[in-house]
Amino acid sequence: MTKSELRKKYKTLREELSINQIEDFSLDIANQLLKLDIWNESFYHIFLSIEEQKEINTEYILNILAGKDKNIVISKSNFEDYSMIHCLLTDNTRIQKNSYNIPEPVDGITIESKQLEVVFVPLLAFDENGNRIGYGKGFYDRFLNDCKSETIKIGLSFFEAEQKSFEAADNDVRLDYCVTPNQVYSFQDYFL
């Protein structure tokens, strides 16, 4: 399957999920994350869910991060150059949906990509080698390429890995982990 065929397949699979399934799976993913040894860092980047795309509800992960008193960082997208600005999420941060229904900070304290230690990555599909397929605009690949090499990249998926590997472009950034409702995939051995 091509990347565009896989995008279509997984958008359709997500569309078929009920609201209850999304909530249950999202909670299961948050619980799976607790098994990872990632909770001693300070700066965690997370995406805010696009409900209209039936994305994972990241509120459960946000609650874990807040409960552990972590610095939570969210992004604002620039659709002219497909870049992102990262802002610290505080009690005073105003969130507003953009024209693509992406919840974003209106303003805030800017955080550089190099400061981030853990990034939770949205995706449509992933393979057993840690390659991911997103929406196709390259926002996250650009962003992850700006992060430190040791930044931990964790994909979040309702569905298990595709058995057949994707063809990765030069600027594609592999995940370190991907977490589904049923398991944690580790790709760190793949890099050795």
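Quick caveat: nothing in here was measured; it's all calculated off a predicted structure.

About the cut-offs
- Residues numbered from 1 in each chain as written.
- Predicted model: local features only at pLDDT ≥ 70, side-chain atom pairs only at ≥ 80, totals over all residues.
- Heavy atoms only, no water.
- Core = buried A, V, L, I, M, F, W, Y, C linked by side-chain atoms within 4.5 Å.
- Buried < 20%, exposed > 50% of the residue type's maximum accessible area, 1.4 Å probe, protein only.
- Contact = heavy atoms within 4.5 Å.
- Helix = DSSP H or I, 4+ residues; strand = E, 2+ residues; numbered from the N terminus.
- Phe/Tyr/Trp six-rings, centres within 6.5 Å; stacked < 30°, edge-to-face > 60°.
- Salt bridge = Lys/Arg side-chain N within 4 Å of Asp/Glu carboxyl O.
- Pairing = 2+ DSSP bridges.
- Axes fitted to C-alpha atoms, helices over the stretch in contact; angles between N-to-C directions.

(A) Looking closely at the nonpolar core. Grouped together as the largest cluster of nonpolar side chains are 55 residues, with contacts concentrated most on Leu33, Phe120, Ile154 and Leu156. Apart from the residues within four sequence positions on either side, Ile154 is in contact with Leu33, Leu36, Ile38, Val118, Val119, Phe120, Val121, Leu175, Tyr177 and Val179.

(B) Molecular detail of the side chain of Ser113. You can see Ser113 is positioned in the loop between β5 (103–105) and β6 (118–121). Residues contacting Ser113, with those up to four places away along its chain left out, are His86, Phe143, Asp146 and Cys147.

(C) Region of interest: unusual backbone geometry. For Asp69, which is not glycine, the phi dihedral falls at a positive 55°. For Asp69, a relative accessible area of 71% translates into the label exposed. For Tyr82, which is not a glycine, the phi torsion comes out positive at approximately 55°. Summarising the element assignment, Tyr82 is placed in the loop between β2 (71–78) and β3 (83–88).

(D) Spotlight on the packing of aromatic side chains. Evaluation of the coordinates by the stated rule reveals 11 aromatic pairs. Between Tyr10 and Phe159, the aromatic rings sit 5.6 Å apart at their centres with planes inclined by 55°, giving tilted as the arrangement. In this pair, Tyr10 sits in helix α1 (residues 3–15) while Phe159 sits in the loop between β9 (152–156) and β10 (177–179), placing the two residues 149 residues apart along the sequence. Relative accessible area serves as the criterion here: at 5%, Tyr10 is assigned to the buried category. With relative accessibility at 16%, the residue Phe159 sits in the buried group. By the ring-pair criterion, three or more aromatic residues cluster together here, those being Tyr10, Phe25, Phe158 and Phe159.

(E) Region of interest: the pattern of salt bridges. Under the defined criterion, the tally for this structure stands at 5 salt bridges. A salt bridge links Arg132 to Asp141; its shortest N-O distance comes to 3.9 Å. Asp176 is the salt-bridge partner of Lys153, the closest N and O atoms lying 3.3 Å from each other. Separated by 23 residues along the polypeptide, Lys153 in strand β9 and Asp176 in the loop between β9 and β10 bring together distant segments of the chain. Taken individually, Lys153 and Asp176 each receive the classification buried, so the pair is uniform in this respect.

(F) Region of interest: the sheet that holds β3. Strand order in the open sheet made by the 7 strands is β3-β2-β1-β6-β9-β10-β11, with mixed pairing throughout. The two strands at the open ends of the sheet, each matched to only one other strand, are β3 and β11 (184–186). In this sheet, adjacent strand axes meet at a mean angle of 25° when their direction is disregarded. Each of β1 (43–45), β2, β3, β6 and β9 touches helix α4 (residues 139–146); the most contacted strand, β6, lies at about 170° to it.

Shape descriptors only; they carry no functional weight alone.
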